[in-house]
Amino acid sequence: MASGVLIAVIVATAVSLLVVLAIIERQLDHKADKRSDHNAAKNQTTCGGCRRVMLPVWTKCLFCGWAPVARLEFILGPMANQVLSLTEELTTIGSVAGNTVVLADPAVSRNHAGIRKVDGNYELADLGSTNGIYVNGRRVPKKVLETGDIIRVGNSEAVFKRA
């Protein structure tokens, strides 16, 4: 009889332990689901035209055709703290009127550099300047820009960002 009671206590304890483990597992799964939903929401983009959710791989909204625009965020020089949206097919940088961006800087040539859209990318090119263009500290004649690239023209620096 005592062994029957002992077995009943052991079984009850084992069942209680299984219930506790099941509850803990459910709570962990719930937290993981919340984290997954949060990460998925962070990767989504909202269309600037129709305000629908866009998938991260879309280069333009499949509903209305709106496309995000890349930009230059100036961090040094006469245009510091200003943002230039790259809306044109060609954006030119130089020291004289007629350029998209005019930099009053003796280290900037008249027609110093250009940024053009090429197959959905943005390509920076030196237009024969005296002092060259630098991307991330390296002098380059031409470069396809990537988000976060730091561009230096004369004494001005700007960060390239995709929308």
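Quick notes on the rules
- Residues numbered from 1 in each chain as written.
- Predicted model: local features only at pLDDT ≥ 70, side-chain atom pairs only at ≥ 80, totals over all residues.
- Heavy atoms only, no water.
- Phe/Tyr/Trp six-rings, centres within 6.5 Å; stacked < 30°, edge-to-face > 60°.
- Helix = DSSP H or I, 4+ residues; strand = E, 2+ residues; numbered from the N terminus.
- Buried < 20%, exposed > 50% of the residue type's maximum accessible area, 1.4 Å probe, protein only.
- Pairing = 2+ DSSP bridges.
- Salt bridge = Lys/Arg side-chain N within 4 Å of Asp/Glu carboxyl O.

1. Observations concerning the packing of aromatic side chains
Taken as a whole and judged by the stated rule, the model has 2 aromatic pairs. Judged by centre distance (5.7 Å) and plane angle (55°), the rings of Y122 and F160 are tilted. A residue pair is termed long-range when its members are at least 10 positions apart, and Y122 in strand 8 (residues 121-126) and F160 in strand 13 (residues 156-161) qualify at 38 residues. Just as Y122 is buried, F160 falls in that class too.

2. Describing the pairing of strand 3 (residues 71-76)
The pairing of strand 3 with strand 4 (residues 83-85) spans 3 bridges and is classified as antiparallel. Paired with E73 across the two strands is V83, which belongs to strand 4. Hairpin geometry of strand 3 and strand 4 is characterised by an intervening segment of 6 residues between the two adjacent antiparallel strands and by a positive phi of about 100° at G77. The sheet contact formed by strand 3 and strand 13 spans 5 bridges and is antiparallel. Considered in strand 13, the bridge of E73 is made with V159.

3. With respect to the pattern of salt bridges
Taken as a whole and assessed by the stated rule, the structure comprises 5 salt bridges. Among the salt bridges present, the one from E146 reaches K143, with a minimum N-O distance of 4.0 Å. With its nearest N and O atoms 3.0 Å apart, the salt bridge here joins K143 to D149. On the accessibility criterion, K143 (22% relative accessible area) is partly exposed. Judged by relative accessible area, D149 falls into the buried class, the value being 6%. Taken together, the shared-partner salt bridges connect R71, E73 and K161 into one network.

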